[in-house]
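Below are the chains, spelled out letter by letter.
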Amino acid sequence: MKHLFFGGIHPKYNKEMSTQITTFHSITPKQVVIPMQQHIGAPCTPLVAVGDRVLRGQKIGDGEGLCVPVHASVSGTVVAIEPRPHTSGRLVNAIVIENDFQDATVALSGNDLPLEQLDSDEILHAVREAGIVGMGGAAFPGNVKALSAMGNVDTLIANACECEPYITADDSLLRTDPEHVLEGMQILKQVLKPNRAILAVEDNKAEAIAKVNSILKNYPGIELAVLPTRYPQGAEKQLIQALTKREVPPGQLPVSVGCAVFNVSTYAAIYRAVRLGMPLIQRIVTISGEAIAEPQNFIVRIGTPFHDLIEVAGGLHDKTERVISGGPMMGIAQSDLAVPVIKATNSILCLLKDQNGAAENPVCLRCGKCVSVCPMRLQPLYMYRFTNAGRVEELKRLNVLDCIECGSCAFTCPGKLPLVERFRKGKQMVREASAK
Ligand code: SF4
Ligand code: SF4
């Protein structure tokens, strides 16, 4: 069966680069830097002071409202609480812990009740207390997303598309711990009571598909959907369209069409939080690209500086042009490699050449290719023109805020226009005008 969504492209995926080394290496840094802002919403307030000893798994920051706590990923001593570079490009208040390499861990208490006896409120509380956010990049608090879906969705989706080139973190998770993902899905099924629960994966992940298929019979009510590989199928709205043929209207969320989508790493974190009592203190991170000596996947403590990971992966090529947090299409270029891995960091990409770089004198050829590939059915050439002209009303009319910054238009554009960069600016202009 063909599952389709509108638009999209086929970039060179380069996934095999980081799957040659099949065993995970763990890395234990001398210091971890735990930012107080790792999620969409309000930042955490530190709960510890400089000089305090902390245990692995201890809650060290929390806050009110749209906020989930952060935890120590190593045991040791708090040596600083101060603004530090963050993958967003900003300085963000962070707790710095000197590792004592003892891994002394807080007492963990999981819940081993049979699935049908698990209480929804207790599950959501455990998810919040574990600091779980969307680990595919969105970093929206998991408990809030699940709560807003309660009673409003008939379809629960696990997103393992991982459609960005180079990244294989979710693929690695499914190859090694598919049970954790499926257990996490069962737990959220218990909360949301959907009619369908679908684990969606693209067809370029043969080993992961085989692993899931070999155990799927143990998880009644969960389907595996193997989708033809196409970028950006892992974007929520495109995945929903591909699986259910439902289109999320402009400005709306998946819940408006009865769907809830969580990344597979998030499901595995939910399993560990509910069943083992383990907070979100580590994750799988792909380090890849032509500019790194030994591309592979690592199990990484949250707070590990990028330069530590790069060193363990054999170091950077002399001619490295870019280090990106995330993938080549939607990731953020980093200028300071002291930035730490945060909960949403799925990849560190090291490139010799900026593949999607704009031309020095870009010219629109009016070819319309950008329109034909835009998965949100937008009109990138006009959005570009109106952003440059500062015409906010036209940008609103063109639904610029619906742009998911997937980069499909820029990838296709023969004029090499800096489209996504301009759309970020255009969205900011619309938001500022609306706030007045
Ligand atoms: S693809 Fe590029 S050159 Fe072609 S119409 Fe769109 S912006 Fe212009
Ligand atoms: S970056 Fe925005 S405008 Fe360009 S293809 Fe993606 S959604 Fe469409």
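Our subject is the structure listed above.
Residues numbered from 1 in each chain as written. Chains lettered and ligands numbered in written order. Predicted model: local features only at pLDDT ≥ 70, side-chain atom pairs only at ≥ 80, totals over all residues.

**Details of the site of ligand 1**
Applied cut-off: The criterion for a residue being near a molecule or strand is simple: its C-beta atom, placed using the backbone, must lie within 6 Å of it. Starting at the N terminus, helices and strands are each numbered in turn, a helix being any DSSP run of H or I of at least four residues and a strand any DSSP run of E of at least two. Residue classes follow a fixed rule: Ala, Val, Leu, Ile, Met, Phe, Trp, Tyr, Cys and Pro count as nonpolar, while Asp, Glu, Lys and Arg count as charged, and any other residue, Gly among them, counts as polar.
Of all residues adjacent to ligand 1, which total 15 residues, the nearest are Cys-364, Cys-367, Cys-370, Cys-413 and Gly-415. Of all the secondary structure elements, the ones that give two or more residues to the shell around ligand 1 are α9 (369-373) and α10 (380-389). At 3 residues, α10 tops the list of elements feeding residues into the shell around ligand 1. Looking at the shell around ligand 1 residue by residue, the class counts come to 10 nonpolar, 3 polar and 2 charged.

**Quick look at the sheet that holds strand β16 (residues 332-333)**
Formally: Strand pairing requires that DSSP identify at least two bridges connecting the strands. In this description, any two residues whose backbone-derived C-beta atoms lie within 7 Å of each other are considered to be in contact. Inter-axis angles, ranging from 0 to 180 degrees, are taken between N-to-C directions of lines fitted to C-alpha atoms, where helices are fitted over the stretch in contact.
Pairing in this open sheet of 6 strands is mixed, and the strands run β1-β14-β13-β17-β15-β16 from one edge to the other. Both edges of this open sheet fall to β1 (25-27) and β16, since each of them pairs with a single strand only. One ladder, built from 3 bridges, connects β1 with strand β14 (residues 296-301); its direction is parallel. Bridge pairing links Ser-26 to Ile-299 in β14. With respect to the sheet, helix α3 (residues 169-176) is in contact with β13 (282-288), β14 and β17 (347-351), its orientation differing from that of β13 by roughly 125°.

**Comments concerning the pairing of β14**
Formally: Here a residue counts as buried when 20 or more other C-beta atoms sit within 10 Å of its C-beta, as exposed when there are 12 or fewer, and as partly exposed otherwise, the C-beta atoms being derived from the backbone.
Along β14, 5 of the 6 residues are buried, which leaves the element largely enclosed by surrounding structure. With 6 bridges joining them, β13 and β14 adopt antiparallel strand pairing. The residue of β14 that forms the bridge with Ile-287 is Gln-296.

**Let's talk about the site of ligand 2**
The environment of ligand 2 is formed by 16 residues, the closest being Cys-374, Cys-403, Cys-406, Ser-408 and Cys-409. Every element with two or more residues in the shell around ligand 2 is listed here: α12 (408-412) and α13 (419-435). Class assignment of the residues belonging to the shell around ligand 2 gives a composition of 13 nonpolar, 2 polar and 1 charged.

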